[in-house]
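Chain by chain, the residues run as shown.
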Amino acid sequence: MPKATWKGVTLAESDNCIVVEGNQYFPPDSVQRAYFKPSSTHTTCPWKGEASYYTIEVDGEANRDAAWFYPQPKEAASQIKDYVAFWRGVNVEA
């Protein structure tokens, strides 16, 4: 079962992830929201659309923009709407 951890804390875990471009996208209901803070950062992918980000906070330590999601993806990426992916030191094991 895919699992995302940082600083020894499980951020998300699910058997219903979707893999896109080598990244595990976790379903919204599998994410431990207590560790996520909204970020004002946005980036654009030509085929997925505009991504929004979260900063991860564990024990007072922040990992800025370490998670991203597509709240309104383009049609080609509609299956990952609101699914969350990770980077910046977050360990994702599949």
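What counts and how
- Residues numbered from 1 in each chain as written.
- Predicted model: local features only at pLDDT ≥ 70, side-chain atom pairs only at ≥ 80, totals over all residues.
- Heavy atoms only, no water.
- Helix = DSSP H or I, 4+ residues; strand = E, 2+ residues; numbered from the N terminus.
- Rg over C-alpha atoms; globule rule 2.2 N^0.38 Å.
- Buried < 20%, exposed > 50% of the residue type's maximum accessible area, 1.4 Å probe, protein only.
- Contact = heavy atoms within 4.5 Å.
- Areas by Shrake-Rupley, 256 points an atom, 1.4 Å probe, with all protein chains shown as cover.
- Pairing = 2+ DSSP bridges.
- Salt bridge = Lys/Arg side-chain N within 4 Å of Asp/Glu carboxyl O.

## So, the overall build of the protein
Okay, step 1: In terms of regular secondary structure, the protein is built from 0 helices and 9 strands.
Okay, step 2: For 94 residues, the compact-globule estimate of 2.2 N^0.38 gives 12 Å, and the C-alpha radius of gyration of the protein, at 12 Å, lies within 12% of that figure.
Okay, step 3: For the protein, the proportion of its 94 residues judged to be buried stands at 47%.
Okay, step 4: Put simply, 41% of the contacts in the protein that link residues at least 6 apart link residues at least 24 apart.
Okay, step 5: Approximately 5,200 Å² of the protein is accessible, and the part contributed by carbon and sulfur atoms is 45%.

## Some details on the pairing of strand β2 (residues 9–13)
Okay, step 1: When strand β1 (residues 3–6) meets β2, the two strands line up antiparallel, connected through 4 bridges. Each bridged residue has a counterpart across the sheet, and for Thr5 the counterpart in β2 is Thr10.
Okay, step 2: Remark: 2 residues form the turn of the hairpin made by β1 and β2, two consecutive strands paired antiparallel; Lys7 in that turn has positive phi of roughly 55°.

## So, the pattern of salt bridges
Charged atoms that come close allow side chains of opposite charge to pair.
Okay, step 1: Tallied over the entire structure, the rule returns 4 salt bridges.
Okay, step 2: The shortest N-O distance in the salt bridge between Lys7 and Glu61 comes to 3.4 Å. Separated by 54 residues along the polypeptide, Lys7 in the loop between β1 and β2 and Glu61 in strand β7 (residues 61–69) bring together distant segments of the chain.
Okay, step 3: Note that Asp65 is salt-bridged to Arg64, the shortest N-O span being 3.9 Å.

Fair warning: the whole summary comes from geometry, so function is off the table for now.
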